[in-house]
Protein chains: 4
Amino acid sequence: MIKVGIIGANGYTGFELMRLLASHGGARVVYASSRSMAGKCVAEVYPTLYGAYGDMTYADVDTDKAAECDVVFACLPHGESAEICGRLADAGTKVIDLSADFRYDDPELYESTYKKEHPRRDLLEKAVYGLPEINRDKIRGARLIGNPGCYVTASVLAVRPLVQSGVINPRTVIIDAKSGVSGAGRKADVAYNANEVLGNFKAYSVSTHRHTTEIEEKTGAVVTFSPHLLPVKRGILATIYCDLMPGKTIEDADGAFAVYENEPFVHYTARRLPEIKWAAGSNCCYIGAISEQKTNRLIVVSCIDNLIKGASGQAIQNMNVMFGLSETEGLPLVGTHL
Amino acid sequence: MIKVGIIGANGYTGFELMRLLASHGGARVVYASSRSMAGKCVAEVYPTLYGAYGDMTYADVDTDKAAECDVVFACLPHGESAEICGRLADAGTKVIDLSADFRYDDPELYESTYKKEHPRRDLLEKAVYGLPEINRDKIRGARLIGNPGCYVTASVLAVRPLVQSGVINPRTVIIDAKSGVSGAGRKADVAYNANEVLGNFKAYSVSTHRHTTEIEEKTGAVVTFSPHLLPVKRGILATIYCDLMPGKTIEDADGAFAVYENEPFVHYTARRLPEIKWAAGSNCCYIGAISEQKTNRLIVVSCIDNLIKGASGQAIQNMNVMFGLSETEGLPLVGTHL
Amino acid sequence: MIKVGIIGANGYTGFELMRLLASHGGARVVYASSRSMAGKCVAEVYPTLYGAYGDMTYADVDTDKAAECDVVFACLPHGESAEICGRLADAGTKVIDLSADFRYDDPELYESTYKKEHPRRDLLEKAVYGLPEINRDKIRGARLIGNPGCYVTASVLAVRPLVQSGVINPRTVIIDAKSGVSGAGRKADVAYNANEVLGNFKAYSVSTHRHTTEIEEKTGAVVTFSPHLLPVKRGILATIYCDLMPGKTIEDADGAFAVYENEPFVHYTARRLPEIKWAAGSNCCYIGAISEQKTNRLIVVSCIDNLIKGASGQAIQNMNVMFGLSETEGLPLVGTHL
Amino acid sequence: MIKVGIIGANGYTGFELMRLLASHGGARVVYASSRSMAGKCVAEVYPTLYGAYGDMTYADVDTDKAAECDVVFACLPHGESAEICGRLADAGTKVIDLSADFRYDDPELYESTYKKEHPRRDLLEKAVYGLPEINRDKIRGARLIGNPGCYVTASVLAVRPLVQSGVINPRTVIIDAKSGVSGAGRKADVAYNANEVLGNFKAYSVSTHRHTTEIEEKTGAVVTFSPHLLPVKRGILATIYCDLMPGKTIEDADGAFAVYENEPFVHYTARRLPEIKWAAGSNCCYIGAISEQKTNRLIVVSCIDNLIKGASGQAIQNMNVMFGLSETEGLPLVGTHL
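From a predicted model like this one, the values you see are computed outputs, not experimental measurements.

Considering the interface of chain B and chain D
Stage number 1. Contacts between chain B and chain D engage 43 residues on the former and 43 residues on the latter.
Stage number 2. Carbon and sulfur atoms make up 55% of the area that chain B and chain D hide from each other, which totals about 3400 Å².
Stage number 3. When the area that chain B buries against chain D is broken down by residue, the three leading residues are B:F201, B:Y241 and B:K294, summing to 16%.
Stage number 4. D:K294 is the salt-bridge partner of B:E216, the closest N and O atoms lying 2.7 Å from each other.
Stage number 5. Connecting chain B to chain D are 32 residue pairs in polar contact (both at pLDDT 80 or more).
Stage number 6. When residues of the side of chain B that touches chain D are assigned to their parent elements, the largest contribution, five residues, is made by strand β9 (residues 223–229) of chain B.

Focus on the sheet that holds strand β8 (residues 202–203) of chain A
All names here are of chain A.
Stage number 1. Strand order across the open sheet formed by seven strands is β8-β9-β7-β10-β13-β12-β11, with mixed pairing between neighbours. The two strands at the open ends of the sheet, each matched to only one other strand, are β8 and β11 (266–268).
Stage number 2. Pairing between strand β12 (residues 285–292) and strand β13 (residues 297–304): seven bridges, direction antiparallel. In the sheet register, Y286 faces β13, and the bridge partner there is C303.

Comments concerning the packing of aromatic side chains
Centre distance and the angle of the planes are the two values used to describe a pair of aromatic rings.
Stage number 1. In the structure shown here, the tally under the stated rule is 34 aromatic pairs over all chains.
Stage number 2. Each ring, one from B:F201 and one from D:F201, has its centre 6.3 Å from the other, and the planes form 25°; the classification is stacked. With B:F201 in the loop between α10 (194–197) and β8 (202–203) and D:F201 in the loop between α10 (194–197) and β8 (202–203), this pair bridges two chains.
Stage number 3. Ring centres of C:Y110 and C:Y114 lie 5.0 Å apart, and the angle between their planes is 25°; this geometry places the pair in the stacked category. Of the two residues, C:Y110 and C:Y114 are both situated in helix α6 (residues 107–114); the distance of four residues between them amounts to about one turn of the helix. Comparing C:Y110 with C:Y114, the two get one shared label, buried.
Stage number 4. Joined through ring pairs, the aromatic side chains of A:Y104, A:Y110 and A:Y114 make up one cluster.
Stage number 5. One cation-aromatic arrangement involves B:K218 over B:Y129; the distance from NZ or CZ to the ring centre is 4.1 Å.

Side note on the interface of chain C and chain D
The parts lose accessible area when they come together, and the size of an interface is often stated as this lost area.
Stage number 1. At the junction of the two partners, chain C supplies 20 residues and chain D supplies 20 residues.
Stage number 2. Overall, the association of chain C and chain D removes approximately 1700 Å² of surface from exposure, summing both partners, and the carbon and sulfur fraction of that is 54%.
Stage number 3. For the pair chain C and chain D, the interface holds zero salt bridges.
Stage number 4. Linking chain C with chain D are 12 residue pairs in polar contact (both at pLDDT 80 or more), by the criterion used here.
Stage number 5. Top contributing element to the side of chain C that touches chain D by residue count: helix α10 (residues 194–197) of chain C, with four residues.
Stage number 6. Taken together, the residues of the side of chain C that touches chain D break down into 10 nonpolar, five polar and five charged.

Things to note about the relation of the copies chain C and chain D
Stage number 1. When chain C is fitted to chain D, the residual RMSD is 0.0 Å, and the transformation amounts to a turn of 180° plus an axial shift of 0.0 Å. A rotation of that kind, with that shift, is consistent with a two-fold axis.
Stage number 2. Most of the interface of chain C is mirrored in chain D: 100% of its interface residues are interface residues there too.

Let's talk about unusual backbone geometry
Residues other than glycine predominantly adopt negative phi, and peptide bonds predominantly adopt the trans conformation.
Residue and element names in this part refer to chain A.
Stage number 1. Residue S205 is not a glycine yet carries a positive backbone phi of 50°.
Stage number 2. Relative to the assigned elements, S205 resides in the loop between β8 and α11 (211–219).
Stage number 3. The exposure class assigned to S205 is partly exposed, which follows from its relative accessible area of 34%.
Stage number 4. At N296, a position not held by glycine, the phi torsion is positive, near 60°.
Stage number 5. Relative to the elements of secondary structure, N296 occurs in the loop between β12 and β13.

So, how was this worked out
- Residues numbered from 1 in each chain as written.
- Chains lettered and ligands numbered in written order.
- Predicted model: local features only at pLDDT ≥ 70, side-chain atom pairs only at ≥ 80, totals over all residues.
- Heavy atoms only, no water.
- Contact = heavy atoms within 4.5 Å.
- Buried area = accessible area lost by both parts, 1.4 Å probe.
- Salt bridge = Lys/Arg side-chain N within 4 Å of Asp/Glu carboxyl O.
- Polar contact = N/O pair within 3.5 Å; in protein donor to acceptor, adjacent residues only side chain to side chain.
- Helix = DSSP H or I, 4+ residues; strand = E, 2+ residues; numbered from the N terminus.
- Pairing = 2+ DSSP bridges.
- Phe/Tyr/Trp six-rings, centres within 6.5 Å; stacked < 30°, edge-to-face > 60°.
- Buried < 20%, exposed > 50% of the residue type's maximum accessible area, 1.4 Å probe, protein only.
- Lys NZ or Arg CZ within 6 Å of the ring centre and 35° of its normal.
- Nonpolar A, V, L, I, M, F, W, Y, C, P; charged D, E, K, R; others polar.
- Least-squares fit on C-alpha atoms with pLDDT ≥ 70 in both.

Right, dumping it as structure tokens:
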């Protein structure tokens, strides 16, 4: 049994790790810390955890204690995460960081995006980008994973094969993304009060969202990125517009997406465009595409569950790969639909 | 044109007053104050107010300024409200208080319920309970109105006629009430974060909710009161259980509800039990009833929009009565359904 | 008092007409017909209408009866509408048609889009496109109005000024539109069962939706149009992407939108991008815009209530203009926000 | 591997069986039939099943084929189910019937409730009521299970221990139950159109609902039963009112619920009243209770996921018991919370 630690376990991605790991056959949460809720019973904050975790309490943050685990998932704010993960990595513990701190290849891009110096450039170089579908081999031997977030996962899985195969013009990519409200986390903020969210829909951080540079780095495209907030809890749907390269057709797009043929968690559905309810509750990404003759555009739709494939499920998938377990262990192949 | 002032205008009941009064033919908001948002444009906080209020800003709380209005609506927390309303009433301004401070006949009941001394017992005696359907004559001459809240309005309109006409046993009343989340106000609180509310339903303050004593005072019944939180924004539905008095039948209940025959805002729908979408968006209360032979119980369902008939609409109805306007002026007879 | 008739009154746009007209100071519904619900009480189908319409029943469809009204609103399926509206127009009754049958300038475009011959090409020529903000003068003298629908209103109001003023390249327009589910109407269809819609989000009819040609005709742009279904009842938000013309900037866009400066129902909010809750419940359209330097793109967001400014409210606005009433009579300037 | 068949697999309980069994370690769906969708790919109807079921299609209903399975789950309408289950049982196949046909001890009660003759009274006698927490031993040896439904499971688990231990007066029980809309199934019906459900809440079949007699038979109480429809997809919350027997207190209630101390799927949370989000997504039932001194009433709140513990999860729990597997195999102990 792999001994798992979670730092920042009281937020939604921490909860989701505990929820999913409760039915994982090869790993077990032995340490869950939270600065703000240390000493509280996990089932007081999330009563649904009672059946699986009983009276377990949130520990105080203690790097030494965490370092005794076989692997630690860090669910901390950007910036803060790098230091704590760094200390754990120095101690030889395997670390999967759900923040943005170890995702970038280019440290300058990180620093200009997050407007701060990276505290552990030394480790950033060694960290592995945790998107198994594009990086599986490196993840196998990795000790420190930068686990991609929700918008990026949905976007990169859809755009990267098209750029790499030369099917689309990488300078024409527009990603109109819509996310459920769990993406904003467990916040006491009027903007996320149910009264302000239910029945509403809005764009936010259009063209200025921090995840844009990560999408650009991982796809090689220039991207106009427009996030929107959906009045649902889980799920992301990204509608992606781009120009086909001269002479390229929708069949070439189909060919590019054949790269996912044997992936357990990525399903290309061709002309049938996916919906959030296909993906929500599962670790799967669904991708569909159509083309428009009059404009020579390709339109791609990509869906994931933002908390699973877009965060905690992907982190577990990375753990499975790192430890040589079956990649699908503990991860739902089927969504809840309802 | 009646000059209207609103104190505490930035909350949801204050917003709702501004929204409804924007299409009122005989009154106009000339003063809207907010301690926390003084100086801010009302349309910055509620952009939908832009078309009707343009660049109007929230004023700082200033009793002298407010006293220049013909009538002031107070949307303040319980306790705090009595003092400010008191000063306005002393200055001769007509006041409609949306808090609980001037609703009780019995000052001791107020004090034991709200666990504080009433700062203006002198005025409490003179204040008029603002439920037009049971108190219209007194409201006409009133200078200070205690405007009933949402749970109480839905409950009292349904239970009082049954008690008064001797149709039910007043010692057997159970009110299982379900409210939309706007009843909790505009709060930065994780408990009302959309993620915690969407898809959820819960009971809260069962048997201990403060509005219980107000319902008991206004109906003469002993009441078990169980509030619940619905994942909708607007509306209250109360399912009410009570024993029929020996020899009484559902037809006697029909007779008791005939008291509302000529009311513009209360509709008795007999055996067809009302739904929230009938009432939401309107100033109407819908009431239906059935009886159960095997238990000799009467089951009554009552619905209102908690922000309109349960707060701001009722306050405007009171203003209309106080100033001799048509009682329905500016108040929606038809709900949004959708 | 203008005598109003409604044909097809049992659907959502018919309901919305009845709801809004209940508080209109200059018009009154005297005739509401429905083939499928003839003889039924309107308050049986929509109980919230009870307070305003009492025991009024749906009439059977009877063109002679309808022709006695001063104006008839037709809420009928495309194709079917042209014949009935035609007969009413022949009889000299003013007609506002909410279907697509009298919206096109180019009859061939209608016929290729709707895949049927237009039964009244003679009238199509004389019909006036009912978007008051671009066609007010012609509406004044009109006898037959083709009332634009929801997607088209949100799109045309946002795109047309930019094309007309030469600010954007009209061959680069992408409209990613998201609509509430009331846009699909009152249907018994598993696809719109609450279980399939709640918590879901999907694209549909991408690049093939019939309203595309109408948007293209009214804006002069070539449009990629992608509709999506939101799990909300009311509201449309369109996110629009286009290339700025060489040398043009966001300030030129601001200048183009100055055309709406004195419009009561269209508000340009510059860099603050609108949200559905600003518009829902009102007859207003909100438009905001930003530009992106790296791609030289303009991104415009436009919001309306699909049932009000996108259908029934706009139809009443047209009636107000046709009959010389105040254009805002009976139309909400403020949305419900909650 | 247990070979599982599902009849009526296209509805929501059939889907939920397929979803849950996809991660069951000891059973595998080999046959899924649907009269209306025979020949269609299961992933065409529920795309989220694609990852686990690939190209599997719905079979036509064929009792011989089904009889080759080790166990068949029947998801058929009441009445229709008895005949098909009967034929399978005659053939020696183990059957778990999710309809009401094999739930009653008293055939007359079934017949008066469902207004039809029971076609297989012979089997009704031998069938075992599939509520493991009260009937585990009999389920072990059973060949035909009548699997209780959602309202009944939530009600019986909460009321039965109180009646059996003499804590409450069984003639005073009121169950005010609120259910998510998946309880109504996959229907093409305007009443369940998202527009009619979102933002709404209503009571229905108050005092006349068919499940009342089943609750009464299994608890020994006389029950006033009021179902309500929540605008959520999953979950039931029942608020239950009853009189404490003279001399009995809330501590006696605590004692009665101690019967569930070692149950993996029933959690008694004492004074903390459960919420739907604790149970939704899991196979657990949460029960809490408080007492009210002034009325001597006990108020109990019980929550389950209507599709899991209230239908398909419970059916799998029964299968696990029947086949001697771990009772929790394949069943979620933790809900989704979000």
